Amino acid sequence: MMKLLSKKHWSALLLIGLGCQFTFSAPSFAEGNFARISAYEKQAEIRGTVTDESGEELIGASVSIKGTVTGTITDIDGSFSINANPGDVLVFSYIGYISKEVTLGNETTLNVELTADITQLEDVVVVAYGVQKKSDVTGAISSTKSEDFNKGVVVNPGQLLQGKVAGVNVTNTSGEPGAAQDVIIRGIGSLRSGTTPLYVVDGFVLDNTTTGLASNPLNFINPQDIESIDVLKDASAAAIYGARAANGVIVITTKRGKEGKTEMNLSVSTAWSNMANKIDVFSADEFRRQVPAIGGTLYDAGGNTDWQDALTQTGRSNNINFSMSGAASERFSYYVSAGVEDLEGILLNSELKRYSGRVNMTQKALNGRFNVDYNLTASRTENFRPDNGGIIVNMLQLNPTIPAFTNGSPTQLVDMLNPVVNNEIYSDVAINNRMLANISPSYEIIKGLTYKLNLGVDFSTTNRDVQRKPYNLLEGYELGYLNSAITRNSNQLVENILTYKFESGKIETTVLAGHSYQKTFVQQQAFNLTGFANNDVDPIYQDQTSTQEQPTTVNSYAIENELQSFFGRVNYGYDGKYLATATLRADGSSKFGENNKYGVFPSFALGWNISREGFMQESFFDNLKLRASWGQTGNQEIPSKITQLSFSESKGGNDTYPLTPGATTLDGYPYGTIFTRLANPDIQWEVSTQTNIGLDFSFFDFRLSGTVDYFNKISENILLEVVPADPIQPTATYWTNVPDMQIQNQGFEFGLEYNNDPQRPFQFNLGGNATIIDNKVVNSPFAVLTTGAASGAGQTGATINGYINGEPIGAFYMKDFIGIGENGLNAFRDVNGDGQVLENDRTVVGSALPKMLYAFHTNLKYKGFDLGINFNGASGNKIFNHTTMSLFQKGMLASSFNTTDFATQYPEEDITNANEVSTRYLEDGSFLRLNNATLAYSLRPEAIGLGDVVRNIRISLTGQNLFVITNYSGFDPEVNTGSSTGGVQTFGIDRFTYPKARTILLGLNVAF
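Treat the numbers as computed from the prediction; the structure is a model and nothing was measured.

**A word on the overall build of the protein**
Here comes step 1: A count of helices and strands for the protein gives 10 helices and 54 strands.
Here comes step 2: Among the 1008 residues that make up the protein, the fraction classed as buried is 53%.
Here comes step 3: Long-range contacts, defined as pairs at least 24 residues apart, comprise 71% of the intrachain contacts of the protein with a sequence gap of at least 6.
Here comes step 4: When the accessible surface of the protein is summed, it comes to about 43,000 Å², and 54% of that surface belongs to carbon and sulfur atoms.

**Considerations on the sheet that holds strand S2 (residues 44–51)**
Pairing between sheet strands relies on hydrogen bonds along the backbone, with the strands arranged either parallel or antiparallel.
Here comes step 1: Pairing in this open sheet of three strands is mixed, and the strands run S5-S2-S8 from one edge to the other. Either end of the sheet is taken by a strand with one partner, and the two such strands are strand S5 (79–84) and strand S8 (109–113). Sheet twist, expressed as the mean angle between neighbouring strand axes with direction ignored, is 30°.
Here comes step 2: When S2 meets S8, the two strands line up parallel, connected through five bridges. Among the inter-strand pairings, Thr49 is bridged to a residue of S8, identified as Asn111.

**Describing the sheet that holds strand S42 (residues 799–803)**
Here comes step 1: Spatially, the four strands line up as an open sheet ordered S41-S42-S43-S46, and their pairing is antiparallel. On the outer flanks of this sheet lie strand S41 (785–789) and strand S46 (843–847), each paired with one strand and no other. Taking each pair of neighbouring strands and ignoring which way they run, the sheet shows an average axis angle of 40°.
Here comes step 2: With two bridges connecting them, S42 and strand S43 (residues 811–814) associate as antiparallel partners. Note that in S43 the partner of Gly802 across the bridge is Ala811.

**Regarding the domain arrangement of the protein**
Here comes step 1: Each assigned domain of the protein is listed here: domain 1 (44–116) and domain 2 (124–259).
Here comes step 2: Taking the mean C-alpha position of each, domain 1 and domain 2 sit 40 Å from one another.

**Quick look at unusual backbone geometry**
Here comes step 1: You will see that Asn349, though not glycine, has its phi angle at about 70°, which is positive.
Here comes step 2: Relative to the helices and strands, Asn349 resides in the loop between strand S20 (332–344) and strand S21 (351–365).
Here comes step 3: On the basis of relative accessibility, which here comes to 39%, the residue Asn349 falls in the partly exposed class.
Here comes step 4: Phi is positive for Phe992, which is not a glycine, with a value near 55°.
Here comes step 5: Tracing the backbone shows Phe992 in the loop between strand S53 (989–990) and strand S54 (997–1007).

**Section: the pairing of strand S6 (residues 89–93)**
Here comes step 1: With four bridges joining them, strand S3 (residues 62–65) and S6 adopt antiparallel strand pairing. Directly across from Ile65, in S6, lies its bridge partner Leu90.
Here comes step 2: Here S6 runs beside strand S7 (residues 100–103); their pairing, made up of four bridges, is antiparallel. Paired with Leu90 across the two strands is Val102, which belongs to S7.

**Examining the nonpolar core**
Here comes step 1: Core analysis: the biggest nonpolar cluster contains 50 residues, and Leu191, Met395, Leu396, Ile800, Tyr803, Ile809 and Phe880 have the highest contact counts within it.
Here comes step 2: Those elements that place two or more of their residues in this core are helix H7 (388–397), strand S37 (719–722), S42, S43 and helix H9 (882–887).
Here comes step 3: For Ile809, the residues in contact, after removing those within four places along its chain, are Ile188, Ile743, Asn775, Val777, Gly802, Tyr803, Ser847, Leu849 and Phe987.
Here comes step 4: Counting 23 residues, the second-largest nonpolar core is a separate cluster that includes Val165, Val168, Phe220 and Ile221.

**Thoughts on the side chain of Thr883**
Here comes step 1: Take Thr883: it is sitting in helix H9.
Here comes step 2: You can call Thr883 buried: its relative accessible area is 5%.
Here comes step 3: Sequence-distant contacts of Thr883, that is, excluding residues within four places in its chain, are made with Leu396, Phe888, Asp990, Arg991 and Phe992.

**With respect to helix H5 (residues 284–293)**
Here comes step 1: Among all positions of H5, only Ala284, Phe287 and Val291 are buried. One face of H5 carries all of its buried residues, which in axial projection span an arc of 45°. For H5, exposure combined with an orientation more than 90 degrees from the buried face picks out Arg289 and Ala293.
Here comes step 2: Among the structural elements, helix H10 (890–894) are those in contact with the buried residues of H5.

**A few points about the packing of aromatic side chains**
Here comes step 1: Scanning the entire structure with this criterion turns up 25 aromatic pairs.
Here comes step 2: Ring centres of Phe621 and Phe699 lie 4.9 Å apart, and the angle between their planes is 35°; on these two criteria the pair is classed as tilted. Taken together, the residues span a long stretch of sequence, with Phe621 in strand S32 (residues 621–635) and Phe699 in strand S35 (residues 686–699) at a distance of 78 residues. One exposure class covers both Phe621 and Phe699, and it is buried.
Here comes step 3: Stacked on the ring of Phe220, the Lys or Arg Arg434 has its end atom at 4.0 Å from the ring centre.

**Notes on the environment of Tyr477**
Here comes step 1: Relative to the helices and strands, Tyr477 is located in the loop between strand S26 (449–468) and strand S27 (481–504).
Here comes step 2: Residue classification places Tyr477 among the partly exposed residues on the basis of a relative accessible area of 22%.
Here comes step 3: In the structure, Tyr477 is positioned 60 residues away from Leu417 in sequence and 9.0 Å away in space, judged by C-alpha atoms.

**Description of H7**
Here comes step 1: Counting buried positions along H7 gives eight out of 10 residues, so the element sits mostly inside the fold.
Here comes step 2: Where the residues of H7 are buried, they touch strand S18 (263–275), helix H6 (307–310), strand S22 (370–385), helix H8 (419–425), H9 and H10.

**Here's the deal with the pairing of S18**
Here comes step 1: Taken together, the 11 bridges between S18 and strand S19 (residues 315–329) define a ladder with antiparallel strand orientation. Counted as the bridge partner of Met264 is Met324 from S19.
Here comes step 2: By the bridge criterion, 11 bridges tie S18 to S54 in an arrangement that is antiparallel. The residue of S54 that forms the bridge with Thr270 is Leu1002.

**Digging into the environment of Arg468**
Here comes step 1: Within the fold, Arg468 resides in strand S26.
Here comes step 2: When its relative accessible area of 15% is taken as the criterion, Arg468 is described as buried.
Here comes step 3: Filtering out sequence-adjacent residues up to four positions away, Arg468 remains in contact with Ile425, Tyr426, Gly476, Tyr477, Gly480, Tyr481 and Pro539.

**A closer look at the side chain of Asn169**
Here comes step 1: As for its placement among the helices and strands, Asn169 is situated in strand S12 (residues 168–172).
Here comes step 2: Side-chain polar atoms of Asn169 contact the side chain of Thr171, separated by 3.4 Å.
Here comes step 3: When sequence neighbours within four positions are dropped, the list of residues in contact with Asn169 reads Asp182, Val183, Ile184, Pro850 and Leu853.

**Considerations on the environment of Gly390**
Here comes step 1: Looking at the element boundaries, Gly390 is found in helix H7.
Here comes step 2: Of the residues examined, Gly390 reaches a relative accessible area of 23% and is grouped as partly exposed.

**Comments concerning the confidence of the model for the protein**
Here comes step 1: Of all residues in the protein, 90% have pLDDT values of 70 or greater, and the mean over the chain is 86.
Here comes step 2: No element of the protein has a lower mean pLDDT than helix H1 (residues 7–17), which averages 36, and none a higher one than strand S50 (residues 922–924), which averages 97.
Here comes step 3: Segment residues 1–41: pLDDT under 50, and 118 contacts once partners within four positions in sequence are set aside and those in other chains are kept.

What counts as what
- Residues numbered from 1 in each chain as written.
- Predicted model: local features only at pLDDT ≥ 70, side-chain atom pairs only at ≥ 80, totals over all residues.
- Heavy atoms only, no water.
- Helix = DSSP H or I, 4+ residues; strand = E, 2+ residues; numbered from the N terminus.
- Buried < 20%, exposed > 50% of the residue type's maximum accessible area, 1.4 Å probe, protein only.
- Contact = heavy atoms within 4.5 Å.
- Areas by Shrake-Rupley, 256 points an atom, 1.4 Å probe, with all protein chains shown as cover.
- Pairing = 2+ DSSP bridges.
- Axes fitted to C-alpha atoms, helices over the stretch in contact; angles between N-to-C directions.
- Domains from an automatic or database assignment.
- Core = buried A, V, L, I, M, F, W, Y, C linked by side-chain atoms within 4.5 Å.
- Arc of directions from axis to C-beta.
- Phe/Tyr/Trp six-rings, centres within 6.5 Å; stacked < 30°, edge-to-face > 60°.
- Lys NZ or Arg CZ within 6 Å of the ring centre and 35° of its normal.
- Polar contact = N/O pair within 3.5 Å; in protein donor to acceptor, adjacent residues only side chain to side chain.
- pLDDT = per-residue confidence, 0-100.

Have a look at this one:
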């Protein structure tokens, strides 16, 4: 019997059985219920046991009186006790089994046997434009359900997935609430297009265009509304999304009402966050000793200030969510939710507020042939940001003997602004209002043939105001400024899809054909104003008149893109054993020129359910399936209009001519017309070709299951903006596909999960995943294509890492530091042996990309208690500590700026030594993190007299980022805040990063 249940349903069984979720049944106020209350004295106690067909007791089976809120669940022996009247109908239900109704007579003992529901025993995963039984899937798809998500203070869906899926690397760029993320699926395959995958929310394809703030594009989604997240990793799974699927596809499915289950859920939590790891700069006493020791000039202001403490706070976060869901019948279901979230960051003036609402409805008519799905989500996100970079520099570099306050007011510093004052006069506020709605009516024309229309819109408006009040006590700060930007985004989608399903004997076939049209539009207007009155009124609320000395500037742009697509897919299965999938998509994009407007992306996959063969019936495998796929996906995420000719006006150099009589200076000459971009109608799509071979297996009555995948992904037609080889050209750069250049990613993915016997009082599961990946740039015509460059005085533009032929993306390319020379200056290795150290002695010294990603977890459950622990880690990568290079120099310490002991590790080093890019600042980026741990207790409502109103009460304590094991000396090894070069994304650079927090969260979930 147990062999029939899939891992998903055993997990759901455990959650129900131990009451780990709070579920409330909405009260029914039918007249019969009042009569029942008045006749309460007639009730009798009914006792019994619920078992399966083999006689095994079912723990946590639901027993309820139909039409009322009265119910209970079976204990560890499968036993139950409930008070009921003769004539009442008892409903017995259990995940994976057919519900049973029993009308009571005069009996007081009742034993019930439930039968397995074979239709529920197959896991279902979301694929492009539909769902499939997991046993029928031929591509590489990983599915994560809501009960398996990461817990704690979670702002966006990416955090739910971190460490949960093999082959997916989720990295927050900083510790700021709502910070952007790098989400990398099976390696980096593009230069210009970043790593962001394609996101699909309830069938609507999102656009990754900026909304006016460098934050996560998914912040508008309330994570508590999400039912599941499916990651389409290989080309077979993703190719039907064609031109936008080269970075993989993440499909987000939100919650819906379920038949026979009317619920109201309330979730409340409060969290406290502190800086997880402080950088060990000198204390005031150490500072007083170190500065004279190196021959510096000590400025001692007599104070004792830890600036990391002075400029940070204990961030408090509050979250409240309420949802209602259910189904009046099989013809109508609903899910409605509202949420408010207020997250304080650990830096002062750092906060994120989100107000969200969602309505999901499904209505059926015409005997189920006509179906309408409707999804609406609306959100308002308010993002308050401090001057992040400036605060980080100040908290690490400021003299610790300077008091933050003098006589109750911020201390006046010499030739610089006290960061406490900066927090008072500086603000950065961005408010985003966003609405995403789609409606999908479908009609079954004839048996098996269904037409579906998908209409959707995504509207977003962001107002961002960055301002600084005038400050007369420091030169350069007297005027104040205001930079305001209004960004409007719209995304409109129309899809027509025909699906035909038919069976003939042992053959099952599904044919899908569709057309899609999507138009995106983004517009921004930016206003820059300076010169405001110092009257304690924010510049945003003041009048300002543009003058010649303080002119107001206005910058604006608008971009419209269109994508038209035709796509099809055929799924074929024979006898549940032999499977085949073929897809084809043709995309036409306005981003490309007339000669290559359309791209075609095919894929093909095969599957073999070996365990269903006759010769495997006596084997120890419960499931064994072999998968193989090949396919192509594209990448259109390039700047718009680059295929089109562009002009501008200029009076500079030789761009004009003295046509006006009497003109003697350039000011009197007319404007000349010059090229700013040449037309190139031949630019082609970037194409990613991927091969995948996978094996799925299960043993021991499905208790031990796992997957192994090998993938090989090759990206070609790489798009890049390059400098012409011929210096005599009308433009300084031009766009082209780099001939023969490839980016290769190949590796292995492993996933393993074990669940013990769910009928035992103590239950546990163990699981984990690992990814080994090899990334390489091949046939590059460039010696080095810089992606990460240094910033700062005397450093700007110096290469840190880049694309180098035969090396991984993000390869660090720099001089090899070997110590301090006799002259007190840096000494570097003479790589080519020519007796001098020059730029040609730079060499590849590591990569920013991890060679291995891994994660593991465990869940322990006993009676009402449960404990979940999740670890994740990475190894084989390096981090360039730009913060150390910029701040922790011996010369800075000698000038009475604070540093760490990094500045004093070489006594012989001269205080004039330069901070040159080299391996001196390159560190090991490997780490192991306890990502989150949750201890919870599920309280039976009847134990506290609330059994007639409440079904479940769950109290939880969650810790996030509890510890990190690493050799990295910065705030955190999981970071990337380097600046891009020429629009090419950089990796593995830590420059003045917003620190990560350690968070403790107390939560209460009640369902009634």
